[in-house]
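Architecture at a glance
One-letter residues, chain by chain:
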Amino acid sequence: MPKAAKRWHRSLTLGSILLAAVAGVAAATPASAQPDASVGQSSVVHVVRPGEWLSSIARNYGVDTLAIAALNHLRPPYVLHPGDKIIVPARPMTRAVSNPVVPPGQPAPSAQSANLTPQTTTNPPPPTAARPAAPPASATAVVQTAPAAPRPNFPTVTTGQTPPSPRSASRPSRTVTVELPLKDRANYLGDIDVTITPDGALSFNTAQAIELLSKSLSAEALASLKTVLAGETTAPLSDFGKAAIVAVYDPTQLQIVLTIPGHSRPTNAMDVADLDQAGHGKLVAPEGLSGYLNFRGSVDAVEAGAQKGLDDPLIDMDGALRFGKWVLTGEASIGPNDTTSLTGTTNTEESFTRQGTRLIYDDLKNTLRWTIGDLQPETTGFQGGVDISGVSVVRLYNELEPQLDVRPRGERSFTLERASTVETTINGRLVQTVRLDPGTYDLHNFPFVDGANDVQIVIQDDSGQRETLTFSIFFDRTLLAPGLMEFGAWAGVETYSVNGDLRYAVNDPIFSGFIRRGMSDRLTLGANLQASKTTQVLGGQFIWGSPLGTLGGDLAYSHDTTAGSGYAINIGLSRLFQSADSFKSQSLSASFEAKSVNFTQLTATSATPLTLGGTTVPGSTTTAANAALNPYSSEFALTYGRSFSEYIYANLDARYSLGRAGQADVGSVTATLGWRPNNVTSLTFDADYEESSTERGPGFRISITRRLGRTRNIRADYDSLGNQATLSYQDSHGRGVGSSSVGADLTYASNALGLDATVNYQANRADLGITQTSSWDFGGTSVQDQRTSFQFGTSIAFAGNAVAIGRPIYDSFAILEPHPSLKGAQVVVDPSQDGRLAESGLLGGAVLSDLGSYSVRTIIYDVPNAPAGYDIGQGSILVKPPYRSGYKVVVGSDYSVTVIGRLLDADGAPISLLAGHAYDLDDPKHEPVEMFTSRDGRFGAQGLRPGHWRIEMPTQPVAKFIITVPKGATGLYRAGDLKPSGS
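Per chain, residue numbering runs from 1 following the sequence as it is written. Residue-level local features of this predicted model are given only where pLDDT is at least 70; pairs of side-chain atoms are given and counted only at 80 or more, and the full residue set underlies all totals for whole chains, interfaces and linings. Only heavy atoms go into the side-chain values, all of them from the structure, while hydrogens and water stay out.

A closer look at the nonpolar core
Quick note on the threshold: Take the buried residues of types Ala, Val, Leu, Ile, Met, Phe, Trp, Tyr and Cys, join any two whose side-chain atoms come within 4.5 Å, and each joined set is a nonpolar core. Partly exposed describes any residue whose relative accessible area lies between the buried limit of under 20% and the exposed limit of over 50%, with all areas from a 1.4 Å probe on protein chains only and scaled to the type maximum. Only DSSP runs of H or I reaching four residues or more are called helices, and only runs of E reaching two or more are called strands; each is numbered from the N terminus. Residue contacts are defined here by distance: any two heavy atoms, one from each residue, within 4.5 Å place the two residues in contact.
Grouped together as the largest cluster of nonpolar side chains are 30 residues, with contacts concentrated most on Phe204, Leu217, Phe240 and Ile256. Looking at this core, the elements with two or more residues in it are strand 4 (176–184), strand 5 (187–196), strand 6 (202–205), helix 4 (206–212), helix 5 (219–229) and strand 9 (255–259). With residues up to four places along the chain from it excluded, the contact list for Phe240 reads Phe204, Ala209, Leu213, Leu225, Ile245, Ala247 and Leu258.

Here it is, written out as structure tokens:
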């Protein structure tokens, strides 16, 4: 044993012997002379710290040592351990001794003169701040007045004495009520009143217990506890057992510890993965009035074909105007149109054609989109494509709530009786490890992948016992979560095109609609209907995550006034086999489709009217006949793919169609083998066999691709069926403004050479491109048309009073313009080493044109050439754009000056290491600017503007400084040394 440890051990032993000797004197008195402590209303619980003795604790609190020992029923030698809790009296206490020990030669004092009679007053006098005077030499027991409790936050003893301790040799002489911590294992729930009787029985406050346990018990368990405790103000600890709860009093820590079984706890929801990610921060609102107009144009120079030379330009336009929550959208074009006269000749003339207009309102509360005008219905199953002019209501989550994950997420429950570690594995990959307390848990939000998902949940408690839960689910992204429903309904009249312009079949009402609903994690059902005067199609569909894979099907019945009745059916099965090795997956898909000869789909009207002098000849348009055209009675398809490693994969595809009414059968089989010998080279080989009315026999294709860098590659292809060889090159550079891409295909077939090439350049205000195309004849033996096309795309947009020109806008946009105080410095959007998405300039602010509606997006901006010290703010904003909305963002403000200087007190000493505030005296409502001083009094206050400011520092008294930032100041302003102002 080290010397220091030996000395400490020796001191501890001597101290224990000394305390034992002192206690022995007191223990030698008769039983009637044992201390009897009366505890006041403000006693405290003291937690023993390392190095503390009972005597040192008593000295610190100004309380008699033996009084503490008696109160806590401590036995000699009074050994305390760090962390032990003892009750220290903080009110006057009287210790009575019947036969005091009198030193030799002194008269025995009376009980009155020695102040040994216990106090019997109901309300003892309040404690005094000063310690009492030293007792007379003749007294062996004195009354001491304890100071106010130094730790008022500890639980307090309300009346009587403390609960018995394992260290005690006797029971308390009267009933005690103590406020003790109530714990659910290691979790602190709150404080509860506990009453201890002289025989050591403990009871608790029932109302407090029910309140503290309201969140730790399930509804059923809480109701059971309320029934057990009904009509009782206090109840013994054993009553917890009637509600299947184990309650134990821990005297060493002075607390009540509960053990609640897992099935009695509330169900806890726990995400395996965060599938509902959202941006954090305050969303910026769009402008109330905004809009844009896109222009996309092309001019063709024809080098080979029927008409050589320069074609007339074609300009397509589309735009949107948003006012409040309403959006008006439309499309049109300006360019050559072909019209047919009565003589059958075709004339080409420049004209303006309107292609569609509609008014849209999004009811986000109910996830609905209402539209009136020219509509293009969504279709499902065997529905046909048709344009309608009328009204529609749609709920499509990918349009109105694209960030809502509507897929089934899987839900599994389990109950833990003990604290355990839970590991979740999907397809052999560990996705989550968590430590859970006892209770019931609902696991959901599994990060499933398409295809088979094998889930394993391993539960291991602290004793080493393991339990494994396994299940499998086949997942498809077209499945809807249980209870979710998508639908769409379009009603009106059919629209069709005449010479590129819209016409309305006002006498032909038409309806198209569908509905889909998630019935469970594995099943989604749907129905659809299309109807016109002549044709009606009713269909149903299902998607089922079956044990074999994802099984989907469509069934439809049609009736047509011309073709009669018919049916169609489609069944498809797909399965993706996942494994822990992502490079060894398998996929299988199979489908079957059959149509009766008279099955009819609703199709768009085809109208090519005759015109004379630009006027349509009445009766020359014809309404489309939805006649059945089903040359094949049934079709089969089977595809199987497998990857053998990171470098080798194979695929097999087989298809066959059975013809009817003289139509020949059609079939094909294709086998593909892919090999990647290294990280920059890949080889693909296809061998196929095809049989049709025009082709019969085997063939093969071979392709070699070589990467030449991070963005460049070259590829060579050969197709034996057409005896055609192609050499391709692709390259791209940059991102956003100044980015470009180049692509070229050089094709050789039957002594003919064709070139297809594209060059695209993305400018700040426009998209530019040049395309060279070659069109081959049907047999692929000669070039029939060859032309060069010059293309451009640009837009003009406004949001509020901000107007700018930018690249074409697809949905929503933002205009970021510099504040005048930036004096023309350029704003750049989302700068990175690869480029920037937009920048401000002579044609207005920077236009960010690719914002998606209802998707959270962080817009990052910067001003690289801002004046030194200029404060542009956070440098980003968070947006969630409504449909076709526009934002105006002013980068910078008047509050962009950074003031630096040094703060001194009246004596010239620095005011160091303090936090203060700067107040705008010209605008008292402006938020104060927080600032700090360094050790030598230097400060830097960001976000100030020209004008008068008052700086306040929390000195004694408060130091106030006046600063005047000169008009026109930007960036950094040096205020120098400042002393407190007298005003």
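As for the pairing of strand 27 (residues 535–546)
Just so we agree on the cut-off: Here the rule is simple: two strands pair whenever DSSP picks up at least two bridges between them.
Taken together, the nine bridges between strand 26 (residues 523–531) and strand 27 define a ladder with antiparallel strand orientation. Within strand 27, the position partnered with Asn528 by the bridge is Gly539. Between strand 26 and strand 27, which pair antiparallel one after the other, the connecting turn spans three residues. With 12 bridges connecting them, strand 27 and strand 28 (residues 549–560) associate as antiparallel partners. Within strand 28, the residue paired with Trp544 across the bridge is Leu551. Hairpin remark: strand 27 followed by strand 28, antiparallel, with two residues in the connecting loop.

Here we look at the sheet that holds strand 54 (residues 897–903)
The following threshold applies: The convention used is that axes are lines fitted to C-alpha atoms, helices contributing only their stretch in contact, and that angles between N-to-C directions extend from 0 to 180 degrees.
Taken in spatial order, the three strands of this open sheet run 57-54-60, and their pairing is mixed. Either end of the sheet is taken by a strand with one partner, and the two such strands are strand 57 (938–944) and strand 60 (972–978). Neighbour-to-neighbour, the strand axes of this sheet turn through a mean angle of 20°, independent of strand direction. With five bridges connecting them, strand 54 and strand 57 associate as antiparallel partners. Residue pairing in the sheet places Ile900 in a bridge with Gly940 of strand 57.

Considering the environment of Thr175
Relative to the assigned elements, Thr175 resides in the loop between strand 3 (157–159) and strand 4. The exposure class of Thr175 is partly exposed, given its relative accessible area of 40%. As for Thr175 and Leu202, which are separated by 27 residues in sequence, their C-alpha atoms are 9.9 Å apart.

Digging into the confidence of the model for the protein chain
Put simply, the rule is: A residue's pLDDT is simply how confident the predictor is in it, with values from 0 to 100.
The share of residues in the protein chain with pLDDT of 70 or more is 74%, and the mean pLDDT across the chain is 77. In this model residues 340–346 is a low-confidence stretch, pLDDT under 50, and it forms 14 contacts with partners more than four residues away in sequence or in other chains. Below pLDDT 50 for its whole length, residues 606–627 participates in 41 contacts with residues either more than four positions away or in separate chains.

As for the pattern of salt bridges
Rules: By convention in these notes, a salt bridge is any Lys or Arg side-chain nitrogen within 4 Å of a carboxyl oxygen on Asp or Glu.
The full count for this structure, using the stated rule, is 24 salt bridges. Asp311 is the salt-bridge partner of Arg787, the closest N and O atoms lying 3.2 Å from each other. Of the two residues, Arg787 is situated in strand 44 (residues 783–799) and Asp311 in the loop between strand 12 (309–310) and strand 13 (314–323); the sequence distance between them amounts to 476 residues. Glu331 is paired through a salt bridge with Arg358; the nearest N and O atoms lie 2.8 Å apart. Of this pair, Glu331 sits in strand 14 (residues 326–340) while Arg358 sits in strand 15 (residues 346–363), placing them 27 residues apart in sequence. By relative accessible area, which is 15% here, Arg358 ends up buried.

Examining the packing of helix 2 (residues 54–61) against helix 3 (residues 65–72)
Rules: Working definition: roughly parallel below 35 degrees, roughly antiparallel above 145 degrees, roughly perpendicular at 65 to 115 degrees, and oblique for all remaining angles.
Two elements in contact, helix 2 and helix 3, have axes whose closest approach is 8 Å; the angle formed by their N-to-C orientations is 110°. It follows from the interaxial angle that helix 2 and helix 3 lie roughly perpendicular. Counted together, Leu54, Ser55 and Ala58 of helix 2 and Thr65, Ile68 and Ala69 of helix 3 form the full contact between these two elements.

Description of unusual backbone geometry
Across the junction of Gln956 and Pro957, the peptide omega takes the value -5°, indicating a cis bond. Relative to the assigned elements, Pro957 resides in the loop between strand 58 (947–953) and strand 59 (959–965). Although it is not a glycine, Asp830 adopts a positive phi angle of roughly 50°. Inspection of the secondary structure assignment puts Asp830 in the loop between strand 47 (828–829) and strand 48 (835–836). Looking at Asp830, the relative accessible area reads 22%, which means it is partly exposed. Look at Arg884: it is not a glycine, yet its phi comes out positive at around 50°. Of note, Arg884 is situated in the loop between strand 52 (876–879) and strand 53 (886–891).

Some details on the environment of Asp811
What counts, and what does not: We call two N or O atoms a polar contact when they sit within 3.5 Å, provided that within protein one can donate a hydrogen and the other can accept it, with sequence-adjacent residues counted only if both atoms are side-chain atoms.
Mapped onto the secondary structure, Asp811 falls in the loop between strand 45 (802–806) and strand 46 (812–818). Its relative accessible area of 14% is what places Asp811 among the buried residues. Expressed as a C-alpha distance, the spacing of Asp811 and Leu851, which sit 40 residues apart in the sequence, is 6.4 Å. With sequence-adjacent residues up to four places away left out, Asp811 is seen in contact with Tyr292, Leu851, Gly852, Ser853, Tyr883, Arg884 and Ser885. There is a polar contact of 2.8 Å between the side chain of Asp811 and the side chain of Ser853.

Here we look at helix 2
For helix 2, the set of buried residues is Leu54, Ser56, Ile57, Ala58 and Tyr61. Those residues of helix 2 that are buried are in contact with strand 1 (44–47), helix 3 and strand 2 (85–88). Two residues or fewer after helix 2 comes Gly62, characterised by a positive phi angle close to 70°.

Brief notes about the sheet that holds strand 53
Hydrogen bonds along the backbone pair up the strands of a sheet, which may run parallel or antiparallel. Across the sheet, three strands lie side by side as 50-46-53; this open sheet has mixed pairing. Both edges of this open sheet fall to strand 50 (846–851) and strand 53, since each of them pairs with a single strand only. The sheet shows a mean angle of 20° between the axes of neighbouring strands, direction not considered. Direction of pairing for strand 46 relative to strand 50: antiparallel, over a ladder of four bridges. Each bridged residue has a counterpart across the sheet, and for Ala814 the counterpart in strand 50 is Leu848.

Description of a nonpolar patch on the surface
Which entries qualify depends on this criterion: Here the term patch refers to residues with relative accessible area over 30% and no salt bridge, with like charges joined within 9 Å and nonpolar side chains (Val, Leu, Ile, Met, Phe, Trp, Tyr) within 5 Å. For every accessible area listed, the method is Shrake-Rupley and the probe measures 1.4 Å; residues are considered covered only by the protein chains on display.
Residues Phe644, Tyr647, Ile648, Leu673, Trp675, Phe685, Phe700, Ile702 and Ile704 make up a contiguous nonpolar surface patch of roughly 790 Å² in combined accessible area. At the level of elements, strand 35 (666–678) and strand 37 (696–707) are the ones that each hand at least two residues to the nonpolar patch. With three residues, strand 37 is the largest single contributor of residues to the nonpolar patch. Positionally, Phe644 belongs in the loop between strand 33 (632–643) and strand 34 (648–659). Residue Phe644 is classed as partly exposed on the basis of its relative accessible area of 43%.

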